[in-house]
Amino acid sequence: MEEDGDWVMVRRPTEKDLWEPSLIQTEPSQPLEVRFNGPAKHWTDAVPIGNGRLGAMVWGGVQLETLNLNEDTLWTGNPGNYTNPEAPKALAEVRKLVDDGQYAKATTEAVKLSGIVSEVYQLLGDIKLEFDDSHTSYSEATYSRVLDLDTATTKVKYSVGEVEFTREHFASKPDQVIVTKISGSKSGSLSFTVSLDSKLHHHSQVKNGANQIIIEGSCPGKRDPPKLNENDNPKGIEFYGILDLKISDGVGAIHVLDDKKLKIEGSDWAVLLFVASTSFDGPFTKPSDSKRNPTSEAQSTLNSIGNLSYDDLYARHLDDYQNLFHRVSLQLSKSSKKGVGENGYLVMKRLSSSKSALYLGSSEDEMVSSAERVKSFQVDEDPSLVELLFQYGRYLLISCSRPGTQVANLQGVGFECGAQHLNINLQMNYWPALPCNLHECQEPLFDYISSLAVNGRKTAQVNYDARGWVAHQVSDLWAKTSPDRGEAVWAVWPMGGAWLCTHLWEHYTYTMDKGFLEKKAYPMLEGCASFLLDWLIEGKGGFLETNPSTSPEHTFTAPDGKPASVSYSSTMDMSIIREVFSEVVSAAEALGKSGDDLVERVRKALPRLYPTKIARDGSIMEWAQDFEDPEVHHRHVSHLFGLFPGHTISVERNPDLCKAADYTLHKRGEDGPGWSTTWKTALWARLRNSERAYTMVKHLFNLVDPDHEAVAEMLVQSTVKDLFLLPALPRDKWANGCVKGLKARGGVTVNICWTEGDLHEVGLWSKNQNSLRLHCGGITIAVKMSSGKVYTFNKQLKCVKTYSLS
């Protein structure tokens, strides 16, 4: 307690706090803030906040402020029938055409294998705040809109005359509420009107006297509802939201306008609490059969926080969020020979120019926007901006995927009409989870895979006469597993579920949670492997092949000169299958199931899988034949799956394939959307090419896209038995640095500091006993780690200190 009797909250220590480098002193890091110097003009300029289930996009308008509201179960549609009894006949015809080399005809015929269109995510609505005309004359020089990654809070500030107005927004996970506090620096200066609106079918009105607005409505029961007979439109998901308003005691008044709006006049401050719930009762329950009551659930949530002040809500939010976010820290700086002090300590200083520094002076008014920093990065290459981007990726994952929520959709929890795309986007959302120490955030993904496995068994049986389960390229809230509606180039791709299954094994390798492996992961891996074994057919040369096969969203020119997308055994198909089969064998060994019949079948199939081949020009072949590629700079790099995120190609084991992968990346080029650039960054890192990996990181700043896992992959790579430190460090760009709290396979926490591009000190610990090989700078040592002990190694990888965490 402080002297005045107020309680002071003491933060719980996080993993990164358990190890301090003994020879490095660091100056305080620059604030982890995404800063804007004006209101958002486009959706992409709005600031996202979220607690996994509830989210909002904050636009930061002055006279008119909008918060786009999200609830992660608000989708169109109903549970669907994801089978097609006509598919086996079409499948036989497509396979024959492929065998006959008629790839263009096979591509046309394969459309008959496509299924129903996926349902889509819907925005719940908007909170609209309207201020009087005096706010149009605000001082632009005083405006700031900031997302503070350290506190997961968005703050908007500006001045009108002598009055400074402030708005703070955050989404609380423990209390399931979106919180907004608006205040003015002068007593009685705050006046505005608040309302709720939605593009969905809805009704809103003021209730409970004059301090609450409710909104209730529903989604369409079909994505494309019937236009003629409304009776054919099934009931959709219902929603109910409450906006609760509190103002300063004894100062100000609240009035009701048109029974739909609340007008606040002459207050010091106002706090808005928004809660919402839906009738979604799981992917297998029709909304018409749901037992959930969104009205009572929303009211119960609001009642549970009725006695909590704004400070209480903020403290609870902060404790929950920072328990995840504070696990990892990253500091980077350029080379500074003057950074070594007289006492031999290395001082991590920022080498910042007027363009790159977050602070241009001592005054907060002199801060520059993140957009300006991004523009200047091509010149000054400010390492602190890489830190910000790295942590922003972690922030987004925490905000859109938490235990008990739905899986992240196409773009997290803030994108209207998004759906789960299983040929890269959904998987990439979760790449930061394990290496960046956020393993809990993967739980919704595993729940989702469980649902896909249920529907996917029916699809596999009816569509393909196969055992096990399958999922294709696009899914939705209802765990759709059939091919999407449309052209074969994207719709005919039954590898979505198999790729997702690799996340199950990865989770085990990072956490070493054998209970998870046995009860959750292995049954789904078994079902996936069962399907793949039945899907594979014997082809020419005795190889097991897939037919039909596509390389996601890419076409080729067939030998007859015609464009096509369907052939057999695309490199990505075989890479994913090889990955899954290898994981099944490893999982069976860990669980003592190596003698099971399925495992024996998998083990025999592995060496017969169609191999990855090198094309005439020295690149990795994308298809089983060396087809002409009409779009060499295509955004996908699917044929390099085995290198990353897979593990069947590595520098140590496959130098020839890695050389071909190097050329493939050069051939593909640097251009592409942010997700493609991130994938290429990670691929270059796996090739241990720091210069090219850094080039792609630099390219990200042209795109202003979250960094996901790529930076972590440049600093730490691992298998269960090997740990590679600084494998793709750009020595001249990030000469000095320190990262703490990263995770490696084997359940190991990794902390590294380096100076002038060379390793300086390493700290490792694990909850499990571990034997691994530590690699850095040409040095390899064997390490045996006891559970609960911290090990510190010097730059020669000699253990210089150990101590127990207990």
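Preceding this paragraph is the structure being described.
Everything numeric here is computed off the predicted structure, so don't read it as measured data. Note on numbering: residues in each chain are counted from 1, in written sequence order. It should be noted that, the model being predicted, local features are given only for residues of pLDDT at least 70 and side-chain atom pairs only at 80 or more, the latter also being counted only at that level, while totals for whole chains, interfaces and linings use all residues. Just so you know, side-chain values use all the structure's heavy atoms and leave hydrogens and water out.

**A word on the packing of aromatic side chains**
Now for step 1: Geometry of aromatic contacts follows a simple scheme: Phe, Tyr and Trp rings, the Trp one being its six-membered ring, pair when their centres are within 6.5 Å, and the pair is stacked under 30 degrees between planes, edge-to-face over 60, tilted otherwise. What the rule picks out here adds up to 30 aromatic pairs.
Now for step 2: Look at Trp75 and Tyr121: their rings are 5.8 Å apart centre to centre, the planes differ by 55°, and that puts the pair in the tilted class. In this pair, Trp75 is assigned in the loop between strand E5 (64-71) and helix H1 (87-99) and Tyr121 in the loop between helix H2 (103-109) and strand E6 (125-131), connecting sequence segments 46 residues apart. The residues Trp75 and Tyr121 share a single accessibility class, namely buried.
Now for step 3: Taken together, a centroid distance of 5.3 Å and an interplanar angle of 75° make the contact between Tyr103 and Phe627 edge-to-face. Here Tyr103 is found in helix H2, whereas its partner Phe627 is found in the loop between helix H13 (597-605) and helix H14 (655-668), with 524 residues between them in sequence. For the pair Tyr103 and Phe627, a shared accessibility class is recorded, and that class is buried. Only DSSP runs of H or I covering at least 4 residues are called helices, and only runs of E covering at least 2 are called strands; the numbering of each starts at the N terminus. Any residue under 20% of the maximum accessible area for its type is buried, any over 50% is exposed, and the rest in between are partly exposed; the area is computed with a 1.4 Å probe on protein chains only.

**Considerations on the environment of Asn768**
Now for step 1: Positionally, Asn768 belongs in the loop between strand E30 (758-766) and strand E31 (770-776).
Now for step 2: Judged by relative accessible area, which is 24%, Asn768 ranks as partly exposed.
Now for step 3: Residues Asn768 and Gly595 lie 173 residues apart in sequence; the distance between their C-alpha atoms is 27 Å.
Now for step 4: Two residues qualify as a contact provided that any one of their heavy atoms is within 4.5 Å of a heavy atom in the partner residue. What Asn768 contacts, discounting residues up to four positions off in sequence, is Thr511, Met512, Gly746, Gly747, Met785, Ser786 and Ser787.

**A look at H1**
An α-helix turns once per 3.6 residues; consequently, residues spaced three or four apart project the same way.
Now for step 1: Here a helix's expected span is defined as the number of its residues, less one, multiplied by 1.5 Å. Here H1 spans 18 Å end to end across 13 residues, near enough to the 18 Å set by a 1.5 Å rise per residue.
Now for step 2: Within the sequence span of H1, burial applies to Ala87, Ala90, Leu91, Val94, Arg95, Leu97 and Val98. All buried residues of H1 lie within an arc of 160° about the axis, which places them on one face of the element.
Now for step 3: Check the buried side of H1 and you find it contacts H2, helix H8 (443-464), helix H11 (514-535) and strand E22 (537-538).
Now for step 4: Taken from the residues just after H1, Gly101 is the one with a positive phi, measuring 75°. The directions from the helix axis to the C-beta atoms are what the arc is built from.

**Comments concerning the state of the cysteines**
Now for step 1: A pair of cysteine sulfur atoms is labelled a disulfide when the two atoms are within 2.5 Å. All chains considered together, the criterion is met by 1 disulfide.
Now for step 2: What pairs with Cys738 in a disulfide is Cys753, and their sulfur atoms sit 2.3 Å apart. Highlighted residues: Cys738 in strand E28 (residues 736-744) and Cys753 in strand E29 (residues 748-755), separated in sequence by 15 residues. With respect to burial, Cys738 and Cys753 carry one shared label: buried.
Now for step 3: For Cys436, which is in no disulfide, the shortest distance to another cysteine sulfur is to Cys441 and amounts to 11 Å.

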